[in-house]
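Chains, contacts and geometry: an overview
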Amino acid sequence: MRHTRQANLGTVTIGGGASVSIQSMTTLRTANVSGVKAQIDALVKAGCEIVRVAVRDRDDADALPAILDGLSIPLVADIHFHADLALLAIRHGVHGIRVNPGNIGGEKGLEAVVNAARKRDVCIRVGVNGGSLERRFGKATPENLAKSALDKLSMIEKLGHANLKASLKASDPSLTLQANRLFAARSDIPLHLGLTEAGPPLSGAVRSSAVMSLLLSEGIGDTIRISLSGDPVREVLVAKTLLETLRLREPGGRVISCPTCGRCRLENLAEIAGEAETMLLQTGRPVTIAVMGCEVNGPKEAKQADIGIFGGGEKAVFLVKNRPPRTVPTPHILSTLKGILADWPETREP
């Protein structure tokens, strides 16, 4: 297990034995205050614990106070090319700054940002990307990504700022994996994990989960983001599922469903399972639901779940813990499930 120092990002503690936190990033122009706040609300509801916004210009920076107003999780400003925007974001009260040493304006610009962050104890993430590595380090290799991050972090520490975390990302899974392993072996600064430009929802989730599972299982990683094209809520849901699967946080709700082979006798099982998962995510109930459609594994899986649905043809049987079996017409499966979830306790019984 890797032992790291502690960083503080608003109310969230990173590293130093703290649990792995989930990050995401808004997809709208930050100047669109109402849209961004609505998107953040959806992310928080899904389980996001840190949110990042892109600050591209003065309009984006000036929108930060309104976005911070009433915000329940830490806000990180993502800055590229313009150190002056980072300084403005810090003055506006953001909890963290993400800077890329490859394009923040050289050491002079970075020094100004560090001095401002130190005065307000704003957490700085040095984010090194394979696609924008400092020219002096040459080709994006694991060694060069690690060297770039360590170089800038050392400079920041010499300026007296210790509230730090780092990220080493590339779109190539192997490059990302090796770079983070090298960095982790040489530094105790907390690491934010992710693949940059990971891809569309399906392939991006697989690539990201493969890399992060390996690193997290080695004790490497203190915050994560599953970067996916499209709706950022999906990023949070995949991240939660990953951490629960690795037992890095308490299991939440889960849907078990059969693979709908030729034995399946429950029509539209895939659609029913998908709707069940959506209900579960919306209610937040810590329930295991089994949706099964054949006699091979169906009855036993249904009995082992909190809520088991086992059916075929015109009828389905509900096997709910501590309740007698109940048979309902197949078209009533989802409405019946909705009623059961509405009455289910919000916390898991010991």
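This text gives an overview of the structure that appears in the document. (Residues numbered from 1 in each chain as written. Predicted model: local features only at pLDDT ≥ 70, side-chain atom pairs only at ≥ 80, totals over all residues. Heavy atoms only, no water.)

1. Side note on the pairing of strand β7 (residues 123-129)
- Counting buried positions over the 7 residues of β7 gives 7, a clear majority of the element.
- Side chains Cys123, Arg125, Gly127 and Asn129 of β7 all project onto a buried face; the interleaved residues Ile124, Val126 and Val128 project onto the opposite face, where all are buried too.
- Relative to β7, strand β6 (residues 96-99) runs parallel, the two sharing 4 bridges. When the sheet's bridge partners are listed, Val99 is paired in β7 with Val126. (Buried < 20%, exposed > 50% of the residue type's maximum accessible area, 1.4 Å probe, protein only. Helix = DSSP H or I, 4+ residues; strand = E, 2+ residues; numbered from the N terminus. Pairing = 2+ DSSP bridges.)

2. Structural notes on the state of the cysteines
- The full count for this structure, using the stated rule, is 0 disulfides.
- Cysteine Cys123 shares no disulfide, and the gap to the nearest cysteine sulfur, in Cys48, comes to 15 Å.
- Its sulfur unpaired, Cys258 is 4.6 Å from the next cysteine sulfur, which belongs to Cys264. (Disulfide = S-S within 2.5 Å.)

3. Concerning helix α9 (residues 232-245)
- In a regular helix each residue adds 1.5 Å, so 14 residues correspond to 20 Å; α9 covers 20 Å between its end C-alpha atoms and thus fits that length.
- All of the buried residues in α9 are Pro232, Val233, Glu235, Val236, Ala239, Leu242, Leu243 and Glu244.
- Buried residues along α9 sit in contact with β3 (21-25), α1 (33-46), α8 (201-217) and β10 (223-224).
- For α9, the side-chain oxygen to backbone nitrogen distance between the N-cap and Val233 is 3.0 Å, and the N-cap itself is Asp231.
- Looking at the residues trailing α9, positive phi occurs at Arg247, about 60 degrees. (Expected span 1.5 Å × (residues − 1). Contact = heavy atoms within 4.5 Å. Polar contact = N/O pair within 3.5 Å; in protein donor to acceptor, adjacent residues only side chain to side chain.)

4. A word on the packing of α8 against α9
- Two elements in contact, α8 and α9, have axes whose closest approach is 11 Å; the angle formed by their N-to-C orientations is 35 degrees. As α8 runs across α9, the sense of the crossing is right-handed. Across the interface between the two elements, Pro201, Ala205, Ser209, Met212, Ser213 and Leu216 of α8 pack against Arg234, Val238, Leu242 and Leu243 of α9.
- Broken down by class, the residue content of the contact of α8 with α9 amounts to 7 nonpolar, 2 polar and 1 charged. (Axes fitted to C-alpha atoms, helices over the stretch in contact; angles between N-to-C directions. Left-handed = near helix turned anticlockwise from the far one by under 90°. Nonpolar A, V, L, I, M, F, W, Y, C, P; charged D, E, K, R; others polar.)

5. Examining the pairing of strand β5 (residues 75-79)
- Counting buried residues along β5, 5 of its 5 residues qualify, which places the element largely inside the surrounding structure.
- Side-chain alternation along β5 places Leu75, Ala77 and Ile79 on one buried face and Val76 and Asp78 on a second face that is also buried.
- Bridging between strand β4 (residues 50-54) and β5 involves 4 bridges; their strand directions are parallel. Of the residues in β5, the one forming a bridge with Val51 is Leu75.

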